[in-house]
Amino acid sequence: MRTPHTAAPPGEGTPAAHSSVPPASSVRTRGQHQRRKRIVQAAAALASRGGVEAMQMRTVAERAGVALGTLYRYFPSKMDLVVAVVSEEFDLLETSIERRPPSAATPAGRAVDVLMRATRGLMREPELADALIRSLIMAEVEAPFGDRMAGLLLRVSARGLTLETATEEQYALAGSLAGVWVHELLEILRGRRTYEQLQRRIEIAAGRLFAGL
């Protein structure tokens, strides 16, 4: 039998009595996160069908089910939104790498695995890939994806090396390989490379740049 509940005086409630009620700030933060995610997903869906031109702020807001003013509070400009979509794609790549790390025996082989998996992921939505890469090249907002890709390449290829522990030369080599990949990806999107040619060029660059990693 349950014992009758006696209300505690104000200020004397036990922690257990309040543990099932999340703080208002926690609920608000979770709601904000979900709203932001809806906006980014809506923008990605539009870009995958019509490029960055289709990512009109009003259209994104309508698709995400938020007010236009709310959208601008999260993303002050269209380019901020493009950067967020790219960040989401990069998060998916990192999650994939963590779940199934490259098994190649050499640093160069592991770097090639990372970049080709990134290529396959982007090429599933070529319109989106083209829109995002072209926009980032002309970005006027901070878009630290070169650093993120360089960091991922170092971490995976050199078994845990980070941007903080890498030498200046190691960081420069990883950044150079990431730059080669972006260029080759643009070429395949323009129809100037086949997938096989892109992979071969990445293998050559990785073999030279990561030979002594």
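What you see is a predicted model, and the numbers here were worked out from it, not measured in a lab.

**Student:** I tried to follow the overall build of the chain on my own but got confused; where do I start?
**Tutor:** For the chain, the count of helices and strands is 10 helices and 0 strands. Along the chain, helices (α) and strands (β) appear in the sequence α-α-α-α-α-α-α-α-α-α when read from the amino end. Here the chain holds 213 residues, and the buried ones make up 36% of them. Pairs at least 24 apart in sequence give 68% of the contacts found in the chain among residues at least 6 apart. For the chain, the exposed area adds up to about 12,700 Å²; of that, 52% sits on carbon and sulfur atoms.

**Student:** Help me out: how do you make sense of the UniProt feature "DNA-binding region" (unreviewed entry) in the chain in this one?
**Tutor:** Those places that UniProt annotates as "DNA-binding region" (unreviewed entry) correspond, in this numbering, to residues 56–75. For the annotated span residues 56–75, helix accounts for 75% and strand for 0% of the residues, and the straight-line distance between the end C-alpha atoms is 12 Å.

**Student:** Would you explain the side chain of Ser48 in this entry?
**Tutor:** Along the chain, the position of Ser48 falls in helix 2 (residues 24–50). A polar contact of 2.8 Å, which involves the side chain of Ser48, links it to the backbone oxygen of Ala45. Ser48 has contacts with Glu125, Glu127 and Leu128, leaving out every residue within four places of it along the chain.

**Student:** Which parts of the structure should I look at to understand the environment of Arg49?
**Tutor:** The residue Arg49 is located in helix 2 in this model. What makes Arg49 exposed here is its relative accessible area of 63%. In terms of polar contacts, Arg49 uses its side chain to reach the backbone carbonyl oxygen of Ala45, at 2.9 Å.

**Student:** Looking at this structure, how should I read the pattern of salt bridges?
**Tutor:** Opposite charge on two side chains lets them pair, provided their charged atoms get close. A full pass over the atoms with the stated rule returns 11 salt bridges. Close ionic contact of Glu184 with Arg201 constitutes a salt bridge, the shortest N to O distance being 4.0 Å. Placement of the pair is Glu184 in helix 9 (residues 168–189) and Arg201 in helix 10 (residues 195–209), with a sequence separation of 17 residues. Relative accessible area serves as the criterion here: at 4%, Glu184 is assigned to the buried category. The exposure class assigned to Arg201 is partly exposed, which follows from its relative accessible area of 41%. Here Arg190 ties to Glu187 by a salt bridge, and the two come within 3.0 Å at their closest N and O atoms. On the basis of relative accessibility, which here comes to 8%, the residue Glu187 falls in the buried class.

Calculation criteria
Along each chain, numbering runs from 1 in the same order as the chain's sequence is written. A pLDDT threshold of at least 70 governs which residues receive local features in this predicted model, and a stricter bar of 80 or more applies before side-chain atom pairs are shown or counted, although totals over entire chains, interfaces and linings include all residues. As a rule here, side-chain values come from all non-hydrogen atoms in the structure, and water together with hydrogens is ignored. Where helices and strands are cited, they refer to DSSP runs of H or I of at least four residues and of E of at least two residues respectively, numbered from the N terminus. The rule is simple: take the accessible area with a 1.4 Å probe, protein chains only, and divide by the maximum for that residue type; under 20% is buried, over 50% is exposed, in between is partly exposed. Any two residues having at least one pair of non-hydrogen atoms within 4.5 Å are treated as being in contact. To be clear on the numbers: accessible area is Shrake-Rupley with a 1.4 Å probe, and residue cover counts the displayed protein chains and nothing else. UniProt positions are given in the numbering used here, feature names are shortened, and annotations may be inferred rather than shown by experiment. Between N or O atoms, a polar contact is any pair within 3.5 Å; within protein, one atom must be a potential hydrogen donor and the other a potential acceptor, and residues adjacent in sequence are included only when both atoms are from side chains. When a carboxyl oxygen of Asp or Glu is within 4 Å of a side-chain nitrogen of Lys or Arg, the pair counts as a salt bridge.

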